[in-house]
Structures are given as C-alpha cells and as structure tokens.
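This is what each chain is made of:
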Amino acid sequence: MPDASRKRLRRTTFIYWMLLFYIIAALVWWFISLIHQNRVMRDFEISRIHSVIDSSSSPVLFQQELKKINDEHQRNKSKYIGEGSIFFLLTMLGAAFVYRSVRRQFNLQQQQQNFMMAVTHELKTPISVARLNLETLQKYNLDAEKQKKIIRTTLDETARLNFLTNNILITAQLERDGYKSPKEDLDLSTLLRDCLQDFRNRFPDRIIKEQIEADADVKGDPLLLQMLINNLLENAIKYSSRESPVTAVLKKYRSGIELQVKDEGPGIPDDEKKKVFSK
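This one's a predicted model, so the numbers in the text were calculated from it and none came from an experiment.

## Remarks on the pattern of salt bridges
Move 1: This structure, assessed with the given rule, holds 13 salt bridges.
Move 2: Residue aspartate 43 pairs with arginine 42 through a salt bridge whose shortest N-O separation is 3.5 Å.
Move 3: Put simply, glutamate 210 and arginine 193 hold a salt bridge, and the shortest N to O gap is 3.8 Å. One end of the pair, glutamate 210, is in strand S2 (residues 208-212); the other, arginine 193, is in helix H4 (residues 188-202), with 17 residues separating them in the sequence.
Move 4: Owing to a relative accessible area of 33%, glutamate 210 belongs among the partly exposed residues under this scheme.
Move 5: Three or more residues joined by partner-sharing salt bridges are found here, namely Arg193, Arg200 and Glu210.

Quick look at the structure:
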C-alpha cells in the first residue's frame, strides 16, 4: 500500500475510533445521569411521604406508598437499562458495519490500483517490443530472413496485446453480467497446443512439456477457455524456477475431459488457497 494511502487510512481510522469513543462515552454518561436522577426522585418521594404520612400511625398506608415508589423506581431502572443496552448494541452494530464498509472500500481501492499497475505493466511489454522491432526495421537494412523473424515477433506481440485488451473488456463485461458467452463445438486439444506454442515463443528459455490426447472435443466459449489456459500457464511459469519444467496434460475419460497444468514451484500456502477465486 502506498504511503499516502496508508496515512489516509490511519487518519480515517483514528477519527473513526475517536468518534466511536465519544458516542459510547456520551451513551454511558446519559445512562449514569438517568440512573442518578431516578435514585434522586425515589429519595425525594420517600422523604415526601415521610412528611405527609406518619409511619407509626398509618403503617399500612405508608408501606403501600413506599412500595409504589420502589416499584416505580425499579420500572424506570429496568427501562433505562433496556434502552441503554439496545442503544449500545445498535451503536456497536452500526460501528462494525461502518468499519467493515470503510475497510472494504479501502481494500477495493487498493485492488483497483494494483490492477491498474499490473495491467499497465502487461500492456507496456508488447507495445515496447513491437515499437522496438519496427524501429529496427526502419533504421537497418536487414536481410529477408531477419525481417521475417522480426515481423513474426511483432505479430505475436500484437496478438498478445489484442488478447490482453480482450481480457480487460471481457472482465468488465463479466463484472456487469453483460457478457454473453457463445457456446460452440471446439477441439480443446488444438486450443491447448496453440496456447503452449504461444508461450514457447514468449518464453524460449523455459521447458514446456505436453501430454495431450487428440480430439478432445468440448462445447464452450473458446475465448474464455483460452483465458483459462493462459492464466494457468502464466502462473505456472511465474511461480516456478527457470530450470524446472511446466507440463500441460489433457486426458479424455468417459465422464469428461481433464486438463492439468503442472509446475515444480512452492505451491499455494494452505491459508491462501481459499482466496484463489477472489479478485
């Protein structure tokens, strides 16, 4: 989290706790004042009946009036305790709701910033490579074979750029439930091989193996399936050492098709696995 965001979060948290402390202190002071006032009123009423009724001459009447005063005092006390408890409970529930909402908003803001930084980094890489290749073609008189190689690399990078922008657009549509997934018959074996070849071109120094059974026909959205495969391959490459291989396995069973992307990285910690499908 950037220093500015961290300071803003600390300042907001401090103001929040100060306001909450003031509200609770005011509530406690209100409760103590009412209890004290109720006790004073009881003592006043008792002293009043002492001056009006002679307890020795009319003990029954005196006890009846005293009982009324004590009952009224007890009812008021119970009412204040009940109202105070309800107000305190509502205050704490509201405080917890506000605190969680503010924290969630800050976390969402931080996630958006991280997302923008990641997207910017991912988009700049193919743009920089394509620009460098075009400048090379412009400045130097290369032979036909080198020109073809540079053009092929540039086309691969522009295809990657196009795929990244499609990812962003589809993600935005999925957030708004506005994406209509087209279901069509496709060969998952061919799609997986194409994705693997793309990653071999992007990471020529990595060992990428495959165990793919042919004619794995499925019905689905080819773009979403390509995003799925690319995400698995990219994570496998990103979180494993350069020397270790990444293996893609596609098997057919009677019950369906199984796709695996294996790597020899450290894996996901157990306490982080529940966050796999979080943004």
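## A look at the nonpolar core
Move 1: Core analysis: the biggest nonpolar cluster contains 18 residues, and Leu192, Leu196, Ile229 and Leu233 have the highest contact counts within it.
Move 2: For this core, the elements supplying multiple residues, two or more each, are H4, S2, helix H5 (222-238) and strand S4 (246-252).
Move 3: Counting residues per element, this core draws most heavily on H4, at six residues.
Move 4: Non-local contacts of leucine 192, meaning those with residues more than four positions away in its chain, are made with Ile212, Ile229, Ala248, Leu250 and Leu259.
Move 5: Membership of the second largest hydrophobic core comes to six residues, among which are Ile49, Ile53, Leu66 and Ile69.

## A word on a nonpolar patch on the surface
Move 1: Nonpolar side chains collect at one region of the surface, where Ile86, Phe87, Leu89, Leu90 and Leu93 lie side by side and expose about 510 Å² of accessible area between them.
Move 2: Position of leucine 90 among the secondary structure elements: in helix H2 (residues 59-139).

## Overview of the packing of H4 against H5
Move 1: Where H4 meets H5, the axes come as close as 10 Å, and the angle between the chain directions of the two elements is 40 degrees. Considering their axes alone, H4 and H5 lie oblique with respect to each other. Handedness of the H4/H5 crossing: right-handed. Of H5, the residues touching H4 (which contributes Leu188, Leu191, Leu192, Cys195, Leu196, Phe199 and Arg202) are Pro222, Leu225, Gln226, Ile229, Asn230, Leu233, Glu234 and Ile237.
Move 2: Taken together, the residues of the contact of H4 with H5 sort by class into eleven nonpolar, two polar and two charged.

## Observations concerning the confidence of the model for the chain
Move 1: Taken over all residues, the pLDDT of the chain has a mean of 86, while the share at 70 or more is 96%.
Move 2: Looking across the chain, the model is least confident in helix H3 (residues 144-175), with a mean pLDDT of 84, and most confident in S4, with 95.

## Overview of the sheet that holds S4
Move 1: Taken together, the three strands give an open sheet; going across it, the order is S2-S4-S5, and neighbouring strands pair in mixed fashion. Only two strands of the sheet have a single partner each, and these edge strands are S2 and strand S5 (257-262). Along the sheet, successive strands turn relative to each other by an average axial angle of 5 degrees, direction set aside.
Move 2: Looking at chain direction, S2 and S4 are connected through five bridges and run parallel. In the sheet register, isoleucine 208 faces S4, and the bridge partner there is valine 246.

## Looking at the packing of aromatic side chains
Move 1: With the rule as written, the count across this model stands at five aromatic pairs.
Move 2: Ring geometry for tyrosine 16 and tyrosine 99: centres 5.6 Å apart, planes at 35 degrees, overall tilted. Of this pair, tyrosine 16 sits in helix H1 (residues 3-52) while tyrosine 99 sits in helix H2; the two residues are 83 residues apart in sequence, bridging distant segments of the chain.
Move 3: Take tyrosine 16: its relative accessible area is 16%, and that puts it in the buried class.
Move 4: What makes tyrosine 99 partly exposed here is its relative accessible area of 31%.
Move 5: Consider the rings of tryptophan 17 and tyrosine 99, whose centres lie 5.8 Å apart with planes at 50 degrees: the pair is tilted. Here tyrosine 99 lies in helix H2 and tryptophan 17 lies in helix H1, a separation of 82 residues in the sequence.

## Thoughts on the environment of isoleucine 229
Move 1: Position of isoleucine 229 relative to the elements: it lies in helix H5.
Move 2: In this structure isoleucine 229 comes out as buried when scored by relative accessible area, which is 1%.
Move 3: Separated by 67 residues in the primary sequence, isoleucine 229 and asparagine 162 have C-alpha atoms spaced 16 Å apart.
Move 4: Those residues in contact with isoleucine 229, other than ones at most four positions away along the chain, are Leu188, Leu191, Leu192, Cys195 and Leu259.

Procedures and definitions
Residues numbered from 1 in each chain as written. Predicted model: local features only at pLDDT ≥ 70, side-chain atom pairs only at ≥ 80, totals over all residues. Heavy atoms only, no water. Salt bridge = Lys/Arg side-chain N within 4 Å of Asp/Glu carboxyl O. Helix = DSSP H or I, 4+ residues; strand = E, 2+ residues; numbered from the N terminus. Buried < 20%, exposed > 50% of the residue type's maximum accessible area, 1.4 Å probe, protein only. Core = buried A, V, L, I, M, F, W, Y, C linked by side-chain atoms within 4.5 Å. Contact = heavy atoms within 4.5 Å. Patch = residues over 30% accessible without salt bridge, like charges linked within 9 Å, V, L, I, M, F, W, Y side chains within 5 Å. Areas by Shrake-Rupley, 256 points an atom, 1.4 Å probe, with all protein chains shown as cover. Axes fitted to C-alpha atoms, helices over the stretch in contact; angles between N-to-C directions. Parallel < 35°, antiparallel > 145°, perpendicular 65-115°, else oblique. Left-handed = near helix turned anticlockwise from the far one by under 90°. Nonpolar A, V, L, I, M, F, W, Y, C, P; charged D, E, K, R; others polar. pLDDT = per-residue confidence, 0-100. Pairing = 2+ DSSP bridges. Phe/Tyr/Trp six-rings, centres within 6.5 Å; stacked < 30°, edge-to-face > 60°.

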